[in-house]
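This is what each chain is made of:
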Amino acid sequence: MANVVKKYSISYELAQKMVDAAVAKARELGVSENVAILDDGGNLKAFGRMDGAPIPTTEMAQNKAYTALFGLSTQEFFKFIQSDPSLLAGIPTLARMAAWGGGFPIKVNGETVGAIGLSGAPTVQNDIDCAKAALALVSDAVPTK
């Protein structure tokens, strides 16, 4: 089967547990979030919109997750494009790109199997903290930054 590639993707079960963990952290912080989990192909796998989370941030959460499929967090992605004026001008014009904090790849054994994006809380740090709570469910997915 030389023309077939084997790949791994996040399961629905893990995706839903991650949404639940992010929501639990948001409740602990007293904020409302939209939580999006995408599979490795950028397809929505699980989603949660807490009561009170702003409607426009529904799309923003999904875009953060999509951007994280590049393999790095959205805040690291921003640092990367910031160093090149043409990237800084061009990347944000692309559909589904979000270069601010709250999106992380979900990696298992170094392979990106999906991504998580959060948006809706008053601060980007809230989004990051809730995402990290969800990533704690994946042993080697917790970011150091």
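These remarks concern the structure in this document. (Residues numbered from 1 in each chain as written. Predicted model: local features only at pLDDT ≥ 70, side-chain atom pairs only at ≥ 80, totals over all residues. Heavy atoms only, no water.)

1. Examining the sheet that holds strand S2 (residues 44–49)
Applicable threshold: Strands pair, by our definition, only if DSSP identifies at least two bridges between them. A run of H or I in DSSP becomes a helix once it reaches four residues, and a run of E becomes a strand once it reaches two; helices and strands are each numbered from the N terminus. In this analysis an axis means a line fitted to C-alpha atoms, helices contributing only their contacting stretch, and an angle means the value between N-to-C directions, from 0 to 180 degrees. Residue contacts are defined here by distance: any two heavy atoms, one from each residue, within 4.5 Å place the two residues in contact.
Taken together, the four strands give an open sheet; going across it, the order is S2-S1-S4-S3, and neighbouring strands pair in antiparallel fashion. Since the sheet does not close on itself, it has two edges, and those belong to S2 and strand S3 (103–108), each with one partner. Each adjacent strand pair in this sheet contributes to an overall mean axis angle of 15°, direction not counted. Strand contacts of helix H1 (residues 12–29): strand S1 (34–39), S2, S3 and strand S4 (111–119), with the helix running at about 25° to S2, the strand carrying the most contacts.

2. Let's talk about the pattern of salt bridges
To keep things clear, this is the line we draw: Any Lys or Arg side-chain nitrogen found within 4 Å of a carboxyl oxygen on Asp or Glu counts as a salt bridge. Exposure is judged per residue with a 1.4 Å probe applied to protein chains only, and the accessible area is read against the type maximum: over 50% gives exposed, under 20% gives buried, and values in between give partly exposed.
Per the stated rule, a full pass over the model turns up four salt bridges. Notably, a salt bridge pairs Asp-40 with Lys-7, separated by 3.1 Å at the nearest N-O pair. Here Lys-7 lies in the segment before H1 and Asp-40 lies in the loop between S1 and S2, a separation of 33 residues in the sequence. Lys-7 gets classed as exposed once you look at its relative accessible area, which sits at 54%. With a shortest N-O distance of 2.9 Å, Asp-127 and Lys-64 are connected by a salt bridge. Of this pair, Asp-127 sits in helix H5 (residues 124–135) while Lys-64 is found in helix H2 (residues 56–68), placing the two residues 63 residues apart along the sequence.

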